Amino acid sequence: AAIQNFNFDHILLNAAGVMCQTKEELDTVLASNYTGAVVTKSATPALREGNPTPRYYEMAQNLGTINSMGLPNAGFDYYMDYVSQKQTNKPIFFSIAGLSKQDNLDMLRQLEASDFEGLIELNLSCPNVPGKPQTAYDFEATEAILTEAFAFFTKPLGVKLPPYFDIVHFDMIAAVLNKFPLAFVNTINSIGNGLVVDPQTDTVVIKPKAGFGGLGGTIVKATALANVRALRDRLRDDIKIIGTGGVTTGRDVYDHVLCGADLVEVGSQLAVEGIGVFERLENELADILTAKGYTSLDQVRGQLKTIA
Ligand code: RRO
C-alpha cells in the first residue's frame, strides 16, 4: 500500500494511543517484522499525566475495551526528539491532539519547520478530555482548523476521525474533507462515551468522567467498517483511508480492506495481546487470501459486494 510517496511493506500498524507513548514502546512497534509503520501517541504541546486511574478496562470475552486515558503523553518535544534521531525505513505517523485550535496550529508550524519527513495525523476525535468536545463532530470547527492549517502546511497531513452514525453526517464530513489536500483520513477513533458496568459490584469500571469512556475492540467493528466504507464512497481517490476499529482477527483486516482501507490499525487487540498480534493477524490474512485464490490485497480493496 502507499500514501503519496510513502510505501508500506505491511498493511498493519498500531493505532495511536496503544504501545506508542514511550520511545521504548515505539521501538517495539518499529522493530516488528509485521508492521508497516508506527504512529506516535497523540501529543500536546506540554507533557500530560492524563486522567486518574483506573482509566482503561478490558471487557470479558474479548468484547472490547473502554478507556478514558485523558491524553497522557510525554509532550510534543519528546516525540519530535524521537522521530528526529530515529533511523528507520518505515514511515512514521506523528500524531498531534492539541486541546485548542491554537495548540494544533502551533504544533503544525513546528512540524512544518522541522526536518521531520514522515506523515502527520491530526487527531480531531479524542473523546476523553473533560470539557473538550470531539472537534470533528463540529463540521464548522473542522473546516476552520483545516483552512488555517493548509494555509501554511505542506507536509503529508491526515485527520483521525470519530465514528459517525448518520448518513447525513457522512455526507457532511466528506464534503468538508474533500476541500483540502489531505493525504489520508483515519477512521475510527473509539466510540466516545460508552459506559461499562461491573456486575459483581454494580460500579462503573473506570474512574474518570463517572465511568464514561471511549469504546474499542470487537464491539466497534461494524461501526468502523461502516465509516471506512462510507468515507471511501465519498472522498476523493487521492485521499487514502486508514481503517481502525474492531480488528482482532485476519478476517477483520480483510473486511476493512474490502470496505476500502489502504492500511489497517490495531488498537484494543494490541493492548490485549501485545506485539505478537501483528504476526498472527498477517498470517491469518495470508491464509484467507490463499484460500480465495488472491495474490494481492489490491484484488480485494474496495470490492465489497452489495445485494442487488
Ligand atoms: O488519551 C485518550 O484518552 C484517548 C485519545 Br487522545 C483518543 O484519541 N482516543 C481515545 O480513545 N483515548
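Criteria and cut-off values
Residues numbered from 1 in each chain as written. Predicted model: local features only at pLDDT ≥ 70, side-chain atom pairs only at ≥ 80, totals over all residues. Heavy atoms only, no water. Helix = DSSP H or I, 4+ residues; strand = E, 2+ residues; numbered from the N terminus. Contact = heavy atoms within 4.5 Å. Pairing = 2+ DSSP bridges. Axes fitted to C-alpha atoms, helices over the stretch in contact; angles between N-to-C directions. Buried < 20%, exposed > 50% of the residue type's maximum accessible area, 1.4 Å probe, protein only. Arc of directions from axis to C-beta. Polar contact = N/O pair within 3.5 Å; in protein donor to acceptor, adjacent residues only side chain to side chain.

Asker: Explain the side chain of Asp262 to me, please; I cannot follow it from the model alone.
Answerer: Structurally, Asp262 is set in the loop between helix 7 (250-258) and strand 16 (263-266). With residues near it in sequence (within four places) discarded, Asp262 still touches Ala1, Ile11, Arg232, Lys240, Ile241 and Arg301.

Asker: How should I be thinking about the sheet that holds strand 9 (residues 157-161) in this particular structure?
Answerer: Sheet strands pair via backbone hydrogen bonds, and the direction of the pair is either parallel or antiparallel. Taken together, the 8 strands give an open sheet; going across it, the order is 3-16-15-10-9-8-7-4, and neighbouring strands pair in parallel fashion. Two strands lie at the open edges of the sheet, namely strand 3 (12-14) and strand 4 (38-39), each paired on one side alone. Across 4 bridges, the pairing between strand 9 and strand 10 (residues 184-187) is parallel. Its bridge partner being in strand 10, Lys160 is matched across the sheet by Asn186. Packing against the sheet, helix 7 makes contact with strand 3, strand 15 (240-244) and strand 16, and its axis sits at approximately 140° to strand 16.

Asker: How do you make sense of helix 5 (residues 167-177) when you look at a structure like this?
Answerer: Structurally, the α-helix is built with 3.6 residues per turn, so residues lying three or four positions apart point the same way. If you check which residues of helix 5 are buried, you get Phe170, Ile173, Ala174, Val176 and Leu177. One face of helix 5 carries all of its buried residues, which in axial projection span an arc of 160°. Next to the buried residues of helix 5 lie helix 4 (139-150), strand 9, strand 10 and helix 6 (221-234). Between the side-chain oxygen of the N-cap and the backbone nitrogen of Val168 there are 2.9 Å, and the N-cap of helix 5 in question is Asp166.

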